[in-house]
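# Secondary and tertiary structure notes
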Amino acid sequence: MKIVGRKKEKDCLMQCLTSKKPEFVVVYGRRRVGKTYLIREYFNKQFSFYTTGLTDEKMKGQLRGFGTSLNIYGSDDKSIPKDWFEAFMRLRTLLESDKVYREPINNKRVVFLDELPWMDTARSDFKSALDFFWNSWASAQEDLVLIVCGSATSWIISNLLTNKKGFHNRITKRIHLAPFTLAECEQLFDFNDIVMTRNQMLECYMVFGGIPHYLNLLDSRLSLAQNINELCFKEHGTLYNEYYNLFHSLFDNPEKHMTILQALSQNRSGLSRTELAREKEIGGGSVLTKNLLELEECGFIRKFSNFSNRESESLYQLIDPFTLFSIQFMQNRRFDSWNTYINSPGYHSWKGNFFEIVCLNHINQIKAALGISGIESTEYSWRSTKSEKGAQIDLVIRRKDGVINLCEMKFTNDTYSLDAAEYEKLLNRMTQFQHETGTKDAIHITLVCGNGYKQNKYSGIVQNVILGDSLFDN
């Protein structure tokens, strides 16, 4: 099968195959983002050993599955391993045998342990056994590539990426698999013979984000609106309960994570940690810190600073389109058909609001369109603390070359053009920004227009216009 996009991730895997040292690779990311698919397809489903953890199985069931996989790959012992130490000892024996499969180009032994968190059941010795396997033997095998994967992000972060004991500094590479960009979505649509205009692709991204599994569910015979109806609003639609399933697959106790996202969905410009902690259902302390880190690592939220006071608390903003769409439309079930909504007054307002989320997921493309990919920059948000008009800018790009881009995102039904009211708003925001921040940098007003832009007598205030097509660049 063809791997769409994922150039950086494929380069990382190739580095592992050409490396002259043992590699311990952690692949993580949210449910349905394509972790297992990437590894399987990159290695053409050929491994020295492959197994996967089993959902809701206790230790004996997990060991039975591991033992069965050992037999498939050549182990002669048909008995169920009595514990994980024995299971990994059998794996070592298998990998040391002459008949073990080796990757043909670089002669590497590639081991893939999928859904690793599920193997670590209550009162098992799994982590200790894996630690012993790696530290006592695998870490000395120059031709070994161990790849572990899992959707349970809290387990991956707590036990592998930030663990200060057995696995501390043992991970040699980490692949955080992010959702597709618009460019990768377009490639996937082409591969699946899905016919859409780029305008429709933008709207599709506003609903499903760049999650490959969701996009693969689209029926090429149906319109985008029909697909949204079938998948999200029909009672037996594939994604009807996905919001609930998503967070229960990622986190052991997702209630607080979901409450955080609910709060952020109602405060689109973001909330500080202190503001979130005031919510009784969320609480504070180390639990909140951990939950925010996990949501950020999964790409559900972004952490950023307010330009006016960069030393103050960071703000958190919900930037995952499917999560926001689910909370706004699928949780309360305000209507049974997406077709009903697209004929309502709120539809165009929704597209305008969600287009901002699309842009925040494509800051690299915005920088490329500005011709500043090679210039070091920092991204902020900004909100006035003094203006009665409440001036606010969701994306501020401060560049090392002495320029600040104040970005305004516009998605309209027709080609966008400034009118007198919008001109005054932009002028007010720029003036308030200069006054409150005291910046000496040059300020460039930057419009990102999803559906085209038309010059008129008010256009002189704008230095840069980025069209929606630029968001599709690689």
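Here, every reference points to the structure presented above.
## As for empty space enclosed by the protein
Think of a ball as big as a water molecule: rolled over the atoms, this probe shows where empty space is left. Counted according to the given criterion, the structure contains three cavities of 30 Å³ or more. Of the volumes computed, that of the largest cavity is approximately 60 Å³. Lining the largest cavity we find Phe85, Phe88, Met89, Arg92, Ala129, Phe132, Phe133, Ser136 and Trp137. Those elements that provide at least two residues to the lining of the largest cavity are helix H4 (84-96) and helix H6 (126-136). Residues of the lining of the largest cavity, tallied by class, amount to seven nonpolar, one polar and one charged. Of the pockets and cavities examined, the second largest cavity occupies roughly 40 Å³. Contributing to the lining of the second largest cavity are Pro179, Tyr205, Gly209, Gly210, Gly299, Ile319, Asp320, Pro321 and Asn361. Split into classes, the residues belonging to the lining of the second largest cavity amount to four nonpolar, four polar and one charged.

## Topic: the sheet that holds strand S12 (residues 442-449)
One open sheet accounts for five strands, arranged S9-S10-S11-S12-S13; its pairing is mixed. Two strands bound the open sheet, and with one partner strand each, they are strand S9 (377-383) and strand S13 (464-467). Averaged over all pairs of adjacent strands, the angle between their axes in this sheet comes to 25 degrees, without regard to strand direction. Note: strand S10 (residues 392-399) against strand S11 (residues 403-410), four bridges, orientation antiparallel. Paired with leucine 395 across the two strands is cysteine 407, which belongs to S11. Set on the sheet, helix H18 (residues 346-360) makes contact with S10, S11 and S12; between it and S11 the angle comes to about 140 degrees. Helix-sheet contacts for helix H19 (residues 363-370) involve S9, S10, S11, S12 and S13, and the interaxial angle to S10 is about 60 degrees.

## Some details on unusual backbone geometry
A negative phi holds for most residues other than glycine; trans holds for most peptide bonds. Its identity as a non-glycine residue notwithstanding, asparagine 107 has a phi of 60 degrees, on the positive side. Within the element layout of this structure, asparagine 107 appears in the loop between H4 and strand S3 (109-114). One non-glycine residue with positive phi stands out, namely glutamate 115, at about 50 degrees. Looking at the element boundaries, glutamate 115 is found in the loop between S3 and helix H5 (116-119). For glutamate 115, a relative accessible area of 12% gives the class buried.

So, how was this worked out
- Residues numbered from 1 in each chain as written.
- Predicted model: local features only at pLDDT ≥ 70, side-chain atom pairs only at ≥ 80, totals over all residues.
- Heavy atoms only, no water.
- 1 Å grid on protein atoms, 1.4 Å probe; cavity = no way out; pocket = protein on both sides within 12 Å on 5 of 7 lines; lining within 4 Å.
- Points joined across faces, edges and corners; volume = space filled by probe spheres on them.
- Helix = DSSP H or I, 4+ residues; strand = E, 2+ residues; numbered from the N terminus.
- Nonpolar A, V, L, I, M, F, W, Y, C, P; charged D, E, K, R; others polar.
- Pairing = 2+ DSSP bridges.
- Axes fitted to C-alpha atoms, helices over the stretch in contact; angles between N-to-C directions.
- Contact = heavy atoms within 4.5 Å.
- Buried < 20%, exposed > 50% of the residue type's maximum accessible area, 1.4 Å probe, protein only.

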